Amino acid sequence: MSRFPHSRLFVATYHTVVITGPHIQVLDTSTGNILHSTANFSAQDRDAVIKSGPIRCAAIDYDDVYLATAGDDKRLKVWDVRSLTLMNTRQLPKKPTVILFTDGDHILVADKFGDVTRYMLRPDLSVTSRTAVDDLSASHVYPSDGSPVVGHTSVITACHLSPDEKHIITSDRDEHIRVSLYPEAYAIECYCLGHEKYVSATHIPRYDPDFLISGGGDPDLKVWEWQMGFLDQTIPVFSAVEPFISVKVPKRRLKSQIGGDEDAVNIGAGSSRRKKRTKHKQGALRGDSEHPAADSLAGVSTQDPAETETVFVIHKIDSIFYNWEACIVFSAVGATALFAFPLFELNGDDGPRVRHFDCGSPIIDFTIGYNGLIWILLDADYGGKANPGSTGKLVRVVDWQGDKFVEVDSSPLLQSLNSTCFSSATPAELKALDLYSDLISLPKHVDGEPGSQERDESELPEDPEGSGTSVAIEKSLPKRTLGRLKHKNALKRLLQEEEQSADSATRDTKRPRVEDSEDPSEDMSMDLT
């Protein structure tokens, strides 16, 4: 029987909260005993929890008392961790991407529509719905007691408050990092611009709050002095991460290249074709086989390397403090290793040396506990038996000791998380979990041939008939791209012909006539002849 992997973990001094699929469990941190679990609710309440689907976003307040969760059902739920009691539920306007608590009694929720909305911890029951009529830029109706804070034109991928909560830092899929005042977020302080691809993770080190670390699809992490929008340094990390990325995505293929295969990318196809393609990719990311007889995970080894490609997405960035030195810890979507480096280590022009700890299975998330230990959540069943590097453990714990990771394997809490705190899941439920969707949703694809979208038309050879393209290229390009290319080449030839005719006309008008000559000797010579 398949099982849900743990997706989020909050380790506090007295109790620990672990999220597994749609379920929430509260454990005693010292003994590992399960104190409360939604799996032990009454049949009606348990069915409601399962029906709501997997939890996508979660956050715990500063006192480790309240837990906020949300999922695809677009419902913000606030729980009392001490008894795992559902305090209130509110409808969200769009699917959430980030949840965080403020130091006061508010919860901030960022969504896929590009907005950040603020909710009260304890809602005003007299307010059933609210529309931001005083904000003309409001993108949608804010149900419950929500009020708009920040608005982007793209999916918000990360959201943080500064340590003094006077600023809010938001990033989106369009390479932007915005620094605004809080709560008057309409006042933008500055932008941190420099990313060439999507920004998927940001972090303010708790021991160096003047700096912001950001990463996404670029091959490096960037260190900002975020209050001025100044780029302090760039740290290359892709070369260290790439060997450990085990989750690949299907290559974008053109329909013309594969003779009408349904799984190909048909540029300009209808929504039904796109939905079908998305479902196929989600199954491929999970490692599932679409063969009816294959109910288990197919694994990485069953994917043809020629049909897949590597997509780089930073999942999370955090920091720890060791020997009076700030160290950055980060993970990438689909990578089996955890990475770290000292923030201001001097190592020539190459920047800090990135260390790693290979877990053998894709890392879903990690969290740093109150005592500085790093808890790593693994998709231990990804690939099934075809993954020889997997140890079967859902959680592993490591300690950062200056220049390397050292594994810790003697905690009762760790044993409980690996042995008793798991929930069974069907293959359909695992597909719905969709742990690696960022590998598909974040990268932007443009029309054209994969790997050569930005090819200059001038580099394409022209055929003897002057159509502007060779026969081989005509067969490889989509009709829309081919037509656009031919049109540009025809326009170029037309402009060249017009320039040539204009030049010849100019030469004719500038040729001197005999009767207009002012040189008498020239006139005399003309008469003598």
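A quick note: this is a predicted structure, and the numbers were derived from the prediction, not measured.

Now for the sheet that holds strand S16 (residues 167-172). Reading across from one edge, S15-S16-S17-S18 is the order of the 4 strands in this open sheet, with antiparallel pairing throughout. Each edge of the open sheet is held by one strand with a lone partner, namely strand S15 (156-161) and strand S18 (188-191). Neighbour-to-neighbour, the strand axes of this sheet turn through a mean angle of 20°, independent of strand direction. Where S16 lies against strand S17 (residues 177-181), 5 bridges are found, and the strand directions are antiparallel. The partner of Ile 168 across the bridge, within S17, is Ser 180.

What follows concerns a negative patch on the surface. Judged by side-chain charge, Glu 497, Glu 498, Glu 499 and Asp 503 come together as a negatively charged surface patch. Within the secondary structure, Glu 498 sits in helix H9 (residues 479-510). Since its relative accessible area comes to 45%, Glu 498 is described here as partly exposed.

Reading across the sheet, the 4 strands line up as S25-S26-S27-S28 and stay open at both edges, with antiparallel pairing between neighbours. Bordering the open sheet on either side are strand S25 (314-322) and strand S28 (355-358), each of which pairs with just one other strand. The sheet shows a mean angle of 25° between the axes of neighbouring strands, direction not considered. Bridge analysis of strand S27 (residues 337-342) against S28 gives 4 bridges, and the strand direction is antiparallel. In the sheet register, Ala 340 faces S28, and the bridge partner there is Arg 355.

We now examine the packing of aromatic side chains. Counted under the stated rule, the structure contains 9 aromatic pairs. Aromatic side chains Tyr 207 and Phe 321 sit 4.4 Å apart centroid to centroid with 35° between the ring planes, which places their arrangement in the tilted category. Of this pair, Tyr 207 sits in the loop between strand S19 (199-203) and strand S20 (212-216) while Phe 321 sits in strand S25, and the two are 114 residues apart along the sequence. We classify Phe 321 as partly exposed; its relative accessible area is 35%.

Before going further, it helps to examine the nonpolar core. In globular proteins that are soluble, nonpolar side chains generally tend to be buried together. Counting 23 residues, the largest nonpolar core has Leu 221, Val 241, Ile 317, Phe 330 and Phe 339 as its most contacted members. At the level of secondary structure, the elements contributing two or more residues to this core comprise strand S21 (220-225), S25, strand S26 (325-332) and S27. Among the elements that take part in this core, S26 stands out by supplying 4 residues, more than any other. Look past the residues within four positions of Phe 330 in its chain and what remains in contact with it is Leu 221, Val 237, Val 241, Ile 314, Lys 316, Ile 317, Leu 338, Phe 339, Ala 340, Phe 341, Val 354 and Phe 366. In this structure, Cys 327, Leu 338, Ala 340 and Ile 376 belong to the second largest nonpolar core, which totals 16 residues.

Here the focus is the confidence of the model for the protein. Summarising the model, the protein shows a mean pLDDT of 80, and 72% of its residues fall at 70 or more. Below a pLDDT of 50 lies the segment residues 255-273, which in the model reaches 34 contacts outside its immediate sequence neighbourhood of four places, other chains included. Here residues 446-469 scores under 50 on pLDDT; set against residues more than four positions off or in separate chains, the count is 38 contacts.

Time to look at the environment of Ser 30. Residue placement: Ser 30 occurs in the loop between strand S3 (23-28) and strand S4 (34-37). Taking C-alpha positions, Ser 30 is 6.7 Å from Leu 413, a pair spaced 383 residues apart along the chain. A polar contact of 2.6 Å, which involves the side chain of Ser 30, links it to the side chain of Asp 28.

Conventions adopted
- Residues numbered from 1 in each chain as written.
- Predicted model: local features only at pLDDT ≥ 70, side-chain atom pairs only at ≥ 80, totals over all residues.
- Heavy atoms only, no water.
- Pairing = 2+ DSSP bridges.
- Helix = DSSP H or I, 4+ residues; strand = E, 2+ residues; numbered from the N terminus.
- Axes fitted to C-alpha atoms, helices over the stretch in contact; angles between N-to-C directions.
- Patch = residues over 30% accessible without salt bridge, like charges linked within 9 Å, V, L, I, M, F, W, Y side chains within 5 Å.
- Areas by Shrake-Rupley, 256 points an atom, 1.4 Å probe, with all protein chains shown as cover.
- Salt bridge = Lys/Arg side-chain N within 4 Å of Asp/Glu carboxyl O.
- Lys, Arg positive; Asp, Glu negative; His and termini not counted.
- Charge placed at Lys NZ, Arg CZ, Asp CG, Glu CD.
- Buried < 20%, exposed > 50% of the residue type's maximum accessible area, 1.4 Å probe, protein only.
- Phe/Tyr/Trp six-rings, centres within 6.5 Å; stacked < 30°, edge-to-face > 60°.
- Core = buried A, V, L, I, M, F, W, Y, C linked by side-chain atoms within 4.5 Å.
- Contact = heavy atoms within 4.5 Å.
- pLDDT = per-residue confidence, 0-100.
- Polar contact = N/O pair within 3.5 Å; in protein donor to acceptor, adjacent residues only side chain to side chain.

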